[in-house]
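Architecture at a glance
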Protein chains: 2
Amino acid sequence: MLKLYYAPGTCALASHITLEEVGAPYSAERLNFRNNQQNSADYLRINPKGRVPTLVTDNGVLTETPAILAFLAQSFPQAKLAPLDDPMAFAQVQSVNSYLCSTVHVAHAHKMRGSRWASEEGSLADMKRKVPETMMACFALIERDILKGPWVMGEQYTICDPYLYTIAGWLESDGVDMTKLPKIVAHRKRMEERPAVATVLAEEKAAA
Amino acid sequence: MLKLYYAPGTCALASHITLEEVGAPYSAERLNFRNNQQNSADYLRINPKGRVPTLVTDNGVLTETPAILAFLAQSFPQAKLAPLDDPMAFAQVQSVNSYLCSTVHVAHAHKMRGSRWASEEGSLADMKRKVPETMMACFALIERDILKGPWVMGEQYTICDPYLYTIAGWLESDGVDMTKLPKIVAHRKRMEERPAVATVLAEEKAAA
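Residues numbered from 1 in each chain as written. Chains lettered and ligands numbered in written order. Predicted model: local features only at pLDDT ≥ 70, side-chain atom pairs only at ≥ 80, totals over all residues. Heavy atoms only, no water.

1. With respect to the domain arrangement of chain A
Residue and element names in this part refer to chain A. Put simply, the rule is: The source of the domain bounds is an automatic or database domain assignment. The contact rule is simple, with two residues in contact once any of their heavy atoms fall within 4.5 Å. Buried area is calculated as the accessible area (1.4 Å probe) missing from two parts once they are joined, with the contributions of both summed. The rule for a salt bridge is simple: a side-chain nitrogen of Lys or Arg has to be within 4 Å of a carboxyl oxygen of Asp or Glu. Pairs of N or O atoms are called polar contacts if they sit within 3.5 Å, as long as, within protein, a hydrogen donor faces a hydrogen acceptor (for residues adjacent in sequence, only side-chain-to-side-chain pairs). Throughout this entry, Asp, Glu, Lys and Arg are counted as charged residues, while Ala, Val, Leu, Ile, Met, Phe, Trp, Tyr, Cys and Pro are counted as nonpolar. The remaining residues, Gly among them, count as polar.
Taken domain by domain, chain A consists of domain 1 (2-80 + 196-207) and domain 2 (87-194). Distance from the C-alpha centre of domain 1 to the C-alpha centre of domain 2: 19 Å. Taken together, the contact between domain 1 and domain 2 spans 21 residues of the former and 18 residues of the latter. For the pair domain 1 and domain 2, the summed buried area comes to about 1600 Å², and 64% of that belongs to carbon and sulfur atoms. The three residues of domain 1 that bury the most area against domain 2 are Cys-11, Pro-66 and Val-197, which together make up 26% of that side's buried surface. Across the contact surface, domain 1 and domain 2 share one salt bridge. The closest approach of N and O atoms between Arg-194 and Glu-21, which form a salt bridge, is 2.8 Å. Applying the counting rule to domain 1 against domain 2 returns eight residue pairs in polar contact (both at pLDDT 80 or more). Class assignment of the residues belonging to the side of domain 1 that touches domain 2 gives a composition of 13 nonpolar, five polar and three charged.

Here it is in structure tokens:
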């Protein structure tokens with residue numbers, strides 16, 4: 001059985017939603033970031049990177065959201081969450097998720113996790129101040145060039161949608177003016193109408 | 001025919017090597033980063049992100065290294081560059097490449113591209129000072145937990161190998177003590193014995 005380690009408010013939401021979407025039997029264990037549980041000896045044995053999400057399977061442990069999402073799409077092909085047999089179409093899905101991971105989430109991470117890359121208080125404050133601008137730039141590009149609508153890849157819902165939804169959920173607290181991102185707002189609303197999304201949001205809230 | 005836009009010394013090397021490895025007919029166009037050519041109007045029409053690599057195909061334009069590498073592995077299955085039919089094994093390959101993209105390359109980028117995330121000179125200098133530490137931490141994890149040997153995934157050469165090689169090539173100038181990373185050093189040497197790697201290194205040097 002699949003087991004997901006997550007924490008609320010993190011990018012692990014994308015994997016959590018996708019597990020629910022594919023209908024896989026799974027359990028979800030919540031880590032307490034306030035207690036730095038992701039860096040406990042027990043957890044580091046499971047994932048030495050000390051991060052979420054981690055997906056534990058009978059056949060190995062997976063880390064990194066883009067890989068977990070692709071794994072679920074490929075393992076549950078009946079859920080049709082990625083165009084697995086079309087190399088270019090599948091690569092476009094992977095490209096979107098790679099951009100979300102390595103550019104967009106990274107931009108956001110400079111708000112609260114700037115100490116990964118800098119030491120001085122002045123640097124951390126400087127990085128924090130720039131987050132509204134960098135997140136706006138990313139989402140302006142997504143709004144204009146990536147999000148086809150109604151779903152990211154157009155008519156077909158894919159593993160890009162839970163991931164975009166997850167990161168877009170951070171935008172207001174990142175100080176971005178949502179009136180400039182109507183397609184993103186519509187996408188979020190559409191996501192929240194999905195039973196799988198509603199189920200997971202309720203579960204992550206209840207486990208608090 | 002496939003066309004790769006690259007610049008020397010960048011992560012585009014991974015895609016360039018992989019194109020050569022799969023034996024695809026391709027052309028490679030070099031951008032001049034000193035002239036900021038990646039932000040020219042012409043190039044932004046091709047890739048609005050203003051980055052390399054970009055892979056232009058008859059069937060669409062691809063960005064983001066992990067997606068390009070997976071596309072090449074899937075499009076040229078006879079080259080056996082990824083375990084396409086085994087979802088967990090393929091996901092592990094994608095996980096490594098996602099880590100290289102969103103954690104390791106990002107750590108390195110704080111040396112010369114810190115202005116993406118901060119504005120003040122003091123912040124940029126602070127970030128630069130931390131790069132030897134962050135790159136050493138990443139590669140200590142790779143050396144201990146990821147690089148199975150002789151190739152990243154063990155006996156089988158995959159799309160992880162050109163990507164690891166590319167980023168490992170930055171380590172000395174990032175101020176990392178290579179005597180602590182013997183497996184990485186051995187991997188680099190083994191890569192340089194491959195005809196495809198030698199060909200691409202020579203081509204990128206000659207085009208200067």
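2. Some words on helix H6 (residues 160-168) of chain B
Residues and elements named next belong to chain B. As a reminder, the rule being used: Partly exposed describes any residue whose relative accessible area lies between the buried limit of under 20% and the exposed limit of over 50%, with all areas from a 1.4 Å probe on protein chains only and scaled to the type maximum. Per the convention used, a helix needs a DSSP run of H or I reaching at least four residues, while a strand needs a run of E reaching at least two, with both numbered from the N terminus.
In terms of burial, H6 is largely enclosed, as nine of its nine residues are buried. Within the sequence span of H6, burial applies to Cys-160, Asp-161, Pro-162, Tyr-163, Leu-164, Tyr-165, Thr-166, Ile-167 and Ala-168. Tucked inside the fold, the buried residues of H6 contact helix H1 (12-22), helix H3 (65-75), helix H4 (87-112), helix H5 (121-146), helix H7 (182-192) and helix H8 (195-206).

3. Observations regarding the interface of chain B and chain A
On the chain A side, the residues contacting the 46 residues of chain B number 46 residues. Taken together, the connections running from chain B to chain A amount to two salt bridges. Put simply, Arg-129 of chain B and Glu-120 of chain A hold a salt bridge, and the shortest N to O gap is 2.7 Å. Joining chain B to chain A, the criterion identifies 16 residue pairs in polar contact (both at pLDDT 80 or more). For the side of chain B that touches chain A, the secondary-structure elements that each account for two or more residues are strand S4 (60-63), H3, H4 and H5 of chain B. In terms of residue count, H4 of chain B provides more of the side of chain B that touches chain A than any other element does, 14 residues in total.

4. Examining the side chain of Thr-134 of chain A
The residue Thr-134 of chain A is located in helix H5 (residues 121-146) in this model. When its relative accessible area of 11% is taken as the criterion, Thr-134 of chain A is described as buried. From its side chain, Thr-134 of chain A meets the backbone oxygen of Val-131 of chain A in a polar contact 3.1 Å long. Beyond its immediate chain neighbours, meaning those up to four positions away, Thr-134 of chain A contacts Ala-107 of chain A together with Arg-116 of chain B.

5. Here's the deal with the nonpolar core
Rules: What is meant by a nonpolar core is a set of buried Ala, Val, Leu, Ile, Met, Phe, Trp, Tyr and Cys residues, joined one to another through side-chain atoms within 4.5 Å.
Within the largest apolar cluster, 134 residues are counted, with the highest numbers of intra-cluster contacts made by Phe-139, Ile-142 and Ile-184 of chain A together with Phe-139, Ile-142 and Ile-184 of chain B. In contact with Ile-184 of chain B, other than residues within four places in its own chain, are Phe-139, Ile-142, Glu-143, Leu-147, Leu-164, Ala-168, Leu-171 and Met-178 of chain B.

6. Here we look at the sheet that holds strand S3 (residues 54-57) of chain A
All names here are of chain A. Inclusion rule: Strand pairing is assigned whenever DSSP detects at least two bridges linking the two strands. Convention adopted: a line fitted to C-alpha atoms gives each axis, helices being fitted over their contacting stretch, and angles between N-to-C directions are expressed from 0 to 180 degrees.
Here four strands make up an open sheet; going across it, the order is S2-S1-S3-S4 and the pairing mixed. Every other strand in the sheet has two partners, leaving strand S2 (26-30) and strand S4 (60-63) as the edge strands with one partner each. Mean inter-strand twist for the sheet, computed between neighbouring axes without regard to direction, equals 20 degrees. Sheet topology places S3 next to S4; four bridges connect them, and they run antiparallel. When the sheet's bridge partners are listed, Leu-55 is paired in S4 with Leu-62. Of the strands in this sheet, strand S1 (2-6), S2 and S3 are in contact with helix H1 (residues 12-22), which crosses S1 at around 155 degrees.

7. Concerning the relation of the copies chain B and chain A
In plain terms, the rule: In superposing the copies, a least-squares fit is computed on C-alpha atoms, taking residues whose pLDDT is at least 70 in both.
Least-squares fitting of chain B to chain A yields an RMSD of 0.0 Å, with the transformation described by 0.0 Å of translation along the axis and a rotation of 180 degrees. In short, the pair behaves as if placed about a two-fold rotation axis. Looking at the interface residues of chain B, 100% of them are also at the interface in chain A, so both copies use one shared face.

8. Topic: the side chain of Gln-74 of chain B
Turning to its location among the elements, Gln-74 of chain B is positioned in helix H3. The buried category is assigned to Gln-74 of chain B, whose relative accessible area is 18%. Of the polar contacts made by the side chain of Gln-74 of chain B, one reaches the backbone oxygen of Leu-84 of chain A; its length is 2.8 Å. Not counting the four nearest positions on each side in its chain, Gln-74 of chain B is found in contact with Leu-84, Pro-87 and Phe-90 of chain A together with Leu-84 of chain B.

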